[in-house]
Amino acid sequence: MLRITSAALGFAAAMFAGAALAQQPIDWDKIEIKTIDLGNKTYMLTGQGGNITVAVGSDAIIMVDGQFAPLHPKIKAAIAAISPLPIKYLINTHYHGDHVGGNGPFQADGVIVVAQDNIRVRLAAGTTNGITGAKAPPVAPGALPKETYVGGSRNVEAGGRVAKLTHVTNAHTDGDTWVYFADANVLATGDTFNNLKKYQAIDFANGGDVRGMIAANEAYLKVANDNTRIVPGHGGLATKADVAVFHNMLVTARDRIEKLFNEGKSEEEVIAMKPLADLDATWSNNEEHARNYTKMIYNSFRRS
Ligand SMILES: [Zn+2]
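These numbers come from a predicted model, not from an experiment.

S.K.: Before we go on, may I ask you to explain the overall build of the protein in this structure?
M.R.: Regarding its fold elements, the protein presents 11 helices and 14 strands. Taken over C-alpha atoms, the radius of gyration comes to 18 Å for the protein, in line with the 19 Å a tight globule of 304 residues would show. Counting only C-alpha atoms, the protein reaches 55 × 45 × 35 Å along its principal axes. Residues counted as buried form 50% of the 304 residues belonging to the protein.

Structure (structure tokens):
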């Protein structure tokens, strides 16, 4: 159990912040779940891993993402402190372990996990990280989403609260869902956006593509207004202005690397040219992160 958890964590950390973090074991006992009230009985929870969104209805609760399995008791306690009502649905934004680790224990509690169908397929088969080669093993059957959808939008409702799920094809992965709670004007993006002002991994080995990342962020700019509270996959609560900055970075990176790709430059040549050097100065954590990001964008164009 510990071994599987560590592997999942290493995978997520490597995808997100570079291999160095994958070496750091997490002391789960020290993680604190913090709750931010977004108004209209809607909350953002932070701990370790992807941010969680919670919407409380008249007789049940919807949550978006569930972090890591070892945090399940703490997340449950944090939600119980908000409301004694049962959690009916747990929506997965994508398959990475720092977002879906809670699937097994929450479903054992009777919660129904809802996700785009590629999440079920990838969790059942196991996956390989395109940057590190690290393998994530198949998850236990109880951790697979019980309800899935394929494309477009789908509503999930509990006690009068409606979560509108929309699938964006080939973005951070090939199974991304973003969630909008219109009654609270709260948008949960998963890892198609972060509010760290840092590059966000594109999991090209599992269907990720910078063009889908751009499409997702363009959808957010359309659905959001200046009052929208945006729960990013990672980082603090965001606004539409934060999405605009992130979107500009994506478009610049896409334009430069797509041009080089179309000129027939190899991956090695493009990485050596450092086409994003000016962005790297602030958007990357270190040189390895910068190199990997260029590689992720380049590999987006190998998909088609
Ligand atoms: Zn992710």
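S.K.: Can you help me understand helix α8 (residues 240-262) in this one?
M.R.: Note: α-helices contain 3.6 residues per turn, so residues at a spacing of three or four share the same orientation. Here α8 contains 23 residues, and its C-alpha end-to-end distance of 32 Å stays within 8% of the 33 Å for a straight helix at 1.5 Å per residue. Of all the residues in α8, the buried ones are Asp242, Val243, Phe246, Leu250, Ala253 and Ile257. Its buried side turned inward, α8 meets α7 (210-223), β14 (229-232), α9 (267-273), α10 (277-283) and α11 (287-300). Among the residues trailing α8, Gly264 stands out with phi positive, at a value near 90 degrees.

S.K.: I'm lost on unusual backbone geometry in this one. Help?
M.R.: The phi torsion of most residues other than glycine is negative, and most of the peptide bonds are trans. Even without a glycine there, the phi angle at Asp65 is positive, about 70 degrees. Tracing the backbone shows Asp65 in the loop between β4 (61-64) and α3 (72-82). Assessed through the 30 C-beta atoms surrounding it within 10 Å, Asp65 is described here as buried. Backbone geometry at Gln67 places phi at a positive 50 degrees, although glycine is not the residue there.

S.K.: What am I meant to see in α3 here?
M.R.: Within α3, burial applies to Ile75, Ala78 and Ile79. Projection of α3 onto a plane perpendicular to its axis shows the buried side chains occupying an angular sector of 95 degrees, all on one side. The outward face of α3, more than 90 degrees from its buried face, is lined by the exposed residues Pro73, Ala77, Ala80 and Ala81. Packing partners of the buried residues in α3 comprise β1 (34-39), β2 (42-46), β3 (52-56), β4 and β5 (87-91).

S.K.: For this particular structure, what's the right way to read the packing of α8 against α11?
M.R.: Packed helices, taken two at a time, are described by their axes: the angle between them and the distance between them. Where α8 meets α11, the closest approach of the two axes is 9 Å, and the angle between their N-to-C directions is 65 degrees. Two packed elements cross with a definite hand, and for α8 against α11 that hand is right-handed. Contact residues: α8 offers Ala253, Arg254, Ile257 and Phe261, while α11 offers Thr294, Ile297 and Tyr298. Considering only residue class, the contact of α8 with α11 consists of five nonpolar, one polar and one charged.

S.K.: Just to check I follow, could you spell out the confidence of the model for the protein for this structure?
M.R.: Atomic detail in the predicted coordinates should be set aside for any region of low pLDDT. Mean pLDDT over the protein works out to 93, with 92% of the residues at or above the 70 mark. Helix α1 (residues 2-17) is the least confidently modelled element of the protein, averaging 42 in pLDDT, while strand β13 (residues 186-190) averages 99, the highest of any element.

S.K.: I'm lost on the environment of Ile297 in this one. Help?
M.R.: Among the secondary structure elements, Ile297 is positioned in helix α11. The buried category is assigned to Ile297, around which 27 C-beta atoms lie within 10 Å. With 225 residues separating them along the chain, Ile297 and His72 place their C-alpha atoms 34 Å apart.

What counts and how
Residues numbered from 1 in each chain as written. Predicted model: local features only at pLDDT ≥ 70, side-chain atom pairs only at ≥ 80, totals over all residues. Helix = DSSP H or I, 4+ residues; strand = E, 2+ residues; numbered from the N terminus. Rg over C-alpha atoms; globule rule 2.2 N^0.38 Å. Buried ≥ 20, exposed ≤ 12 C-beta atoms within 10 Å, placed from the backbone. Expected span 1.5 Å × (residues − 1). Contact = placed C-beta atoms within 7 Å. Arc of directions from axis to C-beta. Axes fitted to C-alpha atoms, helices over the stretch in contact; angles between N-to-C directions. Left-handed = near helix turned anticlockwise from the far one by under 90°. Nonpolar A, V, L, I, M, F, W, Y, C, P; charged D, E, K, R; others polar. pLDDT = per-residue confidence, 0-100.

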